[in-house]
Amino acid sequence: MLLSRRDVIKLFSAGPMLLGALSARASTAPKLVIVGGGIGGAAMAKYMRILNSSIQITLVEPNPSYIFCPGSNEVLNDSVPIQDLTVTYDTLRQRYDIKILQDRATTIDYSRKRLHTAQGEKLPYDWLVVSTGPDFVCEAVDGYNPQLAQGDFPHAWKAGPQTLKLKKLYQNMPAGGTVVISAPPMPYRCPPAPYERASFMAEWLKIHNPTAKILILDSKSNFTLQPHYEAFWREHFNYGTPQAMIEWVGSHAGGTVQTLDAANRTVITSAGERIKADVINIIPPERASAFARNNDLNLGQAWVPIHPYDFRSQKDPAVFVIGDTSEASPMVKTGYMASNQAKWVAQIIHAEITGKDPGYPLWTNNCVAMAGEDFGMTITATFRFHKGRIELQQTLQSPLQDNPQLHALRASVARNWQRTFRRDIFE
Amino acid sequence: MLRQFLVALLLSLTGLHAAAETDIFISPEKYRADPPVSGQVLGDNCSACHGTRGAVFDEIMPPLAGMDRDTFIKLMLNFKFATRPSIVMNDIANAYTEDEIRRMADYFSSLPAVPWKAQSLH
Amino acid sequence: MKTLLLISFSMLTTLSLNNQAVADPDTQPKAWSADSWHQQMRLMPKGDLYRGAQLAKQGYCFTCHGEKGYAPSRNAPSLAGQNQAYLYKTLLDFKNRLWLADHKDEGMHDLARTFDKQDLADLAAYYAAQKPWPKITPSGSPAIAHLAKRGDPQRLLTPCASCHGAQGMGGPNETPRINGQSYLYLKRQLSYFKSGKRSNDVEAGMRFAAEVLSEEEIDQLARYYANSQK
């Protein structure tokens, strides 16, 4: 199965090759294949190359470029052009010598250790890392489907054309129009993001359409950083009063959206209420990707079970699964988390090649969120592997009430993070 | 007295108590008997803000690559014990043992103080 | 512990409610001429250093610039005892996006725009009144010392010393002290003046000087005036 440690060490006994000497890289060099060129997959490729000059790395991704989700809510209030969030694979290809295969991965041949693609490639691998991101289960809301998501009912939970469509829709509402945002049940990527989205929309509407309303219908009874957001909304958007620009209805109050009546631009909630709106933004529930499910990586579960020390799938030890599609609770589903899982898996594979003990992992998810351009929040989390499982060692939120300087600085830090994060993954 | 009352009122109105409940803190000393986390693995967690290998030199958050070892340790311990308030570093430094901070210092001080994109790879 | 901190923060908030003026629309020019700057300098509000101390605390200025304005690491400049007009001008330029050479400056912009001109004058007064950071003896190769002290007439290069003083301790008007500043900071600023990314200098004075310097000279000059902090 796997190359034995000794075989691999023998392969490289001549010492690490220079990066430029790739063409000379032996066809017998061990092979890492990565499925998915998002944050997790790209970080995997880059950090693997930093550690190891000799391994062959192939990244399979159907799209020619990638648009970051972090920062995409700020596209909605015109403060960030989507171009700023868009990266290509050129640097990975040129500087890190990653083979980029623009193709869709379809099937894993576990016994021959080959990855099949839509265009008929059969890529042999020693290690396969799956970082596909989640699937959006539009159908969980009756009457909603992926075609509607690509049309007039974008979920925009993957940054791209839907983000721009949503922006166009809500910025062109009639005066006093209503946006409905349906927030999904846990777990989903970037827990504070629906509320950040509502805040940024409100910031824009306050200037351009001041009698408009944003109604958040939630499939949860509470949400991350709720006190922070509610305090901010109270201060800026009359939250909790009849003049509120933002309203929030939790699942306990019947806020779960069960049905979309697309023809009448109406949603029906668990309380049986029919709500007509000018813009309907249903953020669907999520589950493991179709690729993972089609290859039975999820073993019949909603998400892919992994070994918590090294993120090997429980299905096959040569296949690692990182990012949103893996079941790594108590870790949250964020790009930040995926990138740190990727860096650790690179250590694991490198250790397998060199025979050196990688020690223990530690993963952080030090997130920033914003409620407005002058109001940032931080939520830090540290995870450790301890006694056979992943443990949340600590999570701390920035204080609710600070002076205006510190709120502005946190927004500054948030923007710093968005820039440096993109550079850490793709530069 | 009145001001104290007003502050307390303000805090309770804005739902501080709910926020406080979500904070979790377990001392890193709990993990002392586990195999160590290497300086590089620890350091890779810093790169999302401070750049790959801590080598972003034009951002609000300072570069760590090539930072003086003792300065690094001193600052991190100050953050950890909150003798130096910070926007976010207190919450981050909290999570590490003093040994781990020293290992990070060894790691970052061994790296060249050169922007990542200007470094050669291997 | 955290709760205590929170309470003290919100007390700061209540104390500072009247300092929140964010917008301060001003007809400031896109670049400073000697005239426009001197006029602005004459209009600088009288600073209250005690209020400045409070504002510095509120804005967490110590994070990068140190407890009393003596920078704790190589990443940011020291401010203690710096030329007051320079400090005021700097903050004003950050606030108005006149100094935006790199992303570090965006942090300063985000912070400075939460302050009004009186606040900026108070902050300048506070830092100017602090005990200056340690003085160093500039040192480098004879060639670089000559460049610093005598300039290079062939390149029409004014010596650094003619404005910043023989030891780089600062000069008239808004000319700052550079002696004992962080090496990385000095080098970065000279490079930004050279490339024109930093353009808040009066009459483009620093840009004219830096433009003719080589990268090597910039590095050497930064080392010449810098402290030994790594």
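Look above for the structure.
Values in this document were obtained by computation on a predicted structure and should not be read as measured data. Every chain begins its residue count from 1, and numbering advances along the sequence as written. Here every chain gets a letter starting at A, and every ligand a number starting at 1, in the order they are written. Per-residue local features of the predicted model are confined to residues with pLDDT of at least 70, and side-chain atom pairs are confined, for both listing and counting, to 80 or more; whole-chain, interface and lining totals are unaffected and use all residues. The basis for every side-chain value is the complete set of non-hydrogen atoms in the structure, without hydrogens or water.

Visitor: Which residues make up the pattern of salt bridges, and what values go with them?
Guide: A pair is scored as a salt bridge if a Lys or Arg side-chain nitrogen falls within 4 Å of a carboxyl oxygen belonging to Asp or Glu. Scanning the model with the defined rule gives 39 salt bridges over all chains in all. As a salt-bridge pair, R102(B) and D99(B) come within 3.1 Å of each other at their nearest N and O atoms. Placement of the pair is R102(B) and D99(B) together in helix α7 (residues 98–109), with a separation of three residues, close to one helical turn. Relative accessibility under 20% of the residue-type maximum defines a buried residue, over 50% an exposed one, and the middle range a partly exposed one, all with a 1.4 Å probe and only protein chains included. Given the relative accessible area of 31%, D99(B) is considered partly exposed. We note a salt bridge from D102(C) to R188(C), for which the minimum N-O separation is 3.9 Å. Note on conventions: DSSP H or I runs of at least 4 residues are helices, E runs of at least 2 residues are strands, and numbering of each starts at the N terminus.

Visitor: If you had to explain helix α12 (residues 215–225) of chain C to someone new, which residues and values would you point to?
Guide: By the burial criterion, the buried members of α12(C) are E217(C), I218(C), D219(C), L221(C), A222(C), Y224(C) and Y225(C). Lining the buried residues of α12(C) we find α8 (142–150), α9 (160–164) and α10 (183–195) of chain C. Residue contacts follow a heavy-atom distance rule, with two residues in contact if any of their heavy atoms lie within 4.5 Å.

Visitor: Got a sec to walk through the sheet that holds strand β12 (residues 213–218) of chain A? Specific residues and values, please.
Guide: Residues and elements named next belong to chain A. One open sheet accounts for four strands, arranged β13-β12-β11-β17; its pairing is parallel. Looking at the sheet topology across the chains shown, the edges are occupied by β13 (246–249) and β17 (279–282). Across the sheet, the axes of successive neighbouring strands diverge by a mean angle of 15 degrees, strand direction being ignored. Any two strands with at least two DSSP-identified bridges between them are counted as paired. Relative to β17, strand β11 (residues 178–183) runs parallel, the two sharing four bridges. Its bridge partner lying in β17, S182 is registered against I282. Here helix α8 (residues 226–237) sits on the sheet in contact with β12 and β13, set at roughly 145 degrees to β13. Axis lines are fitted through C-alpha atoms, for helices just across the contact stretch, and the angle between N-to-C directions can take any value from 0 to 180 degrees.

Visitor: Run through the nonpolar core, naming residues and quoting values.
Guide: The set of buried Ala, Val, Leu, Ile, Met, Phe, Trp, Tyr and Cys residues whose side-chain atoms join them within 4.5 Å is what this entry labels a nonpolar core. Within the largest apolar cluster, 168 residues are counted, with the highest numbers of intra-cluster contacts made by L32(A), M44(A), L115(A) and I349(A). Among all residues touching M44(A), those that are not within four sequence positions of it are L32(A), I34(A), V129(A), A342(A), V345(A), A346(A) and I349(A).

Visitor: Can you break down the sheet that holds strand β8 (residues 122–124) of chain A residue by residue, with the values?
Guide: Residues and elements named next belong to chain A. With antiparallel pairing, the three strands of this open sheet are ordered in space as β6-β7-β8. Each of the sheet's edge strands pairs with one partner strand only, and the pair in question is β6 (105–109) and β8. Strand-to-strand twist across the sheet, computed as the mean angle between neighbouring axes with direction ignored, equals 25 degrees. Bridge analysis of strand β7 (residues 114–117) against β8 gives three bridges, and the strand direction is antiparallel. Paired with L115 across the strands is L123, a residue of β8.

Visitor: Could you give an account of the packing of helix α2 (residues 39–51) of chain A against helix α10 (residues 335–354) of chain A, with specific residues and numbers?
Guide: The geometry of a pair of packed helices is captured by two quantities: the angle between their axes and the separation between those axes. All names here are of chain A. Remark: α2 packs on α10, axes separated minimally by 8 Å, with the N-to-C direction vectors making an angle of 35 degrees. In the packing of α2 onto α10, the handedness of the crossing is right-handed. Residue-level contacts link I39, G40, A43, M44, Y47, M48 and L51 of α2 to G335, A338, S339, A342, K343, V345, A346, Q347, I349 and H350 of α10. The class makeup of the residues in the contact of α2 with α10 is eleven nonpolar, five polar and one charged. By definition, turning the near helix anticlockwise from the far helix through less than a right angle yields a left-handed crossing, and turning it clockwise yields a right-handed one. Each residue receives one of three labels: charged for Asp, Glu, Lys and Arg, nonpolar for Ala, Val, Leu, Ile, Met, Phe, Trp, Tyr, Cys and Pro, and polar for the others, Gly being one of them.

Visitor: Quick rundown of the interface of chain B and chain A? Include the residues and the values.
Guide: Taken together, the contact between chain B and chain A spans 50 residues of the former and 55 residues of the latter. A combined buried area of about 4,700 Å² lies between chain B and chain A, and 55% of that area is made up of carbon and sulfur atoms. Summed over both partners, the accessible area lost on bringing two parts together, with a 1.4 Å probe, is the buried area. It is N45(B), I87(B) and H122(B) in chain B that bury the most area against chain A; as a group they hold 15% of the surface buried on that side. At the junction of chain B and chain A, the tally comes to four salt bridges. For the salt bridge of E100(B) with R384(A), the shortest nitrogen-to-oxygen distance reads 2.7 Å.

Visitor: Describe empty space enclosed by the protein, listing the residues and the values that go with them.
Guide: The rule is simple: put a 1 Å grid over the protein atoms alone, call a set of points where a 1.4 Å probe fits but cannot get out a cavity, call an open set with protein on both sides within 12 Å along at least five of seven lines a pocket, and count a residue as lining if it has an atom within 4 Å of a point. Grid points are joined across faces, edges and corners, and a volume is the space filled by probe spheres set on the points. With the rule as written, the count across this model stands at one cavity of 30 Å³ or more. Every residue lining the largest cavity is listed: N340(A), K343(A), W344(A), Q347(A), L362(A), V41(B), D44(B) and N45(B). Elements represented by at least two residues in the lining of the largest cavity include exactly α10 of chain A together with α3 (39–44) of chain B. Here the element with the most residues in the lining of the largest cavity is α10(A); it accounts for four residues. Looking at the lining of the largest cavity residue by residue, the classes come out as three nonpolar, three polar and two charged.

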